[in-house]
Amino acid sequence: MALLSRSLPEYTLQKINHFGLENYFSQIKTTNVKADSKDPEAIEIIRNFGPKNLKEVYCIGDKEEDLSIYKPIQENFQLNASGIWINRTDEKSNISGKYHIIKSLEEIPGIMKI
């Protein structure tokens, strides 16, 4: 599993270490806060995993930029990829029709058929 965050690397690592999450991720990448998109880093993550080693890719987050990176992954690697929107507050948004919608991370296994 990989983590991709738009933030300063040192703050991301502090948060991950504070919550003891470092063992859950084999890759941790950050995108510059002023970058136009997370696409280059998402593509790098898939290359590092080796696309042939992956059956599906799920892009999970609470912002559309977290989810929409599934598109370049599909286009570049012909992988089955999709987005899962964490909408904890039942926010009304135009992104809701494009992705799986959950309120809690506990719902992810049901979508991923684990």
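Within every chain, residues take consecutive numbers counted from 1 along the sequence as written. It should be noted that, the model being predicted, local features are given only for residues of pLDDT at least 70 and side-chain atom pairs only at 80 or more, the latter also being counted only at that level, while totals for whole chains, interfaces and linings use all residues. Heavy atoms from the whole structure form the basis of all side-chain values; hydrogens and water molecules are not counted.

J.: Before we go on, may I ask you to explain helix H2 (residues 39–49) in this structure?
T.: Counting along an α-helix, one turn takes 3.6 residues, and residues three or four places apart therefore face a common direction. When accessible area is computed with a 1.4 Å probe and restricted to protein chains, residues below 20% of their type maximum are described as buried, those above 50% as exposed, and intermediate ones as partly exposed. In this text, helices come from DSSP runs of H or I with a minimum length of four residues, and strands from runs of E with a minimum of two, each type numbered from the N-terminal end. Those residues of H2 that fall on the buried side of the exposure criterion are Glu41, Ala42, Ile43, Ile45 and Ile46. In this structure, the buried side of H2 is in contact with strand E1 (2–6), strand E2 (27–31), strand E3 (56–61) and helix H4 (70–77). Positioned one or two residues after H2, glycine 50 has a phi angle of 90 degrees, which is positive. Note on definitions: a residue-residue contact is assigned when non-hydrogen atoms from the two residues lie within 4.5 Å.

J.: Is there a simple way to explain unusual backbone geometry in this structure?
T.: Most peptide bonds are trans, and most residues other than glycine sit at a negative phi. A positive phi angle, close to 50 degrees, is found at glutamine 78, a residue other than glycine. With respect to the helices and strands, the residue glutamine 78 is situated in the loop between H4 and strand E4 (80–86). On the basis of relative accessible area, glutamine 78 is assigned to the exposed category, the value being 63%.

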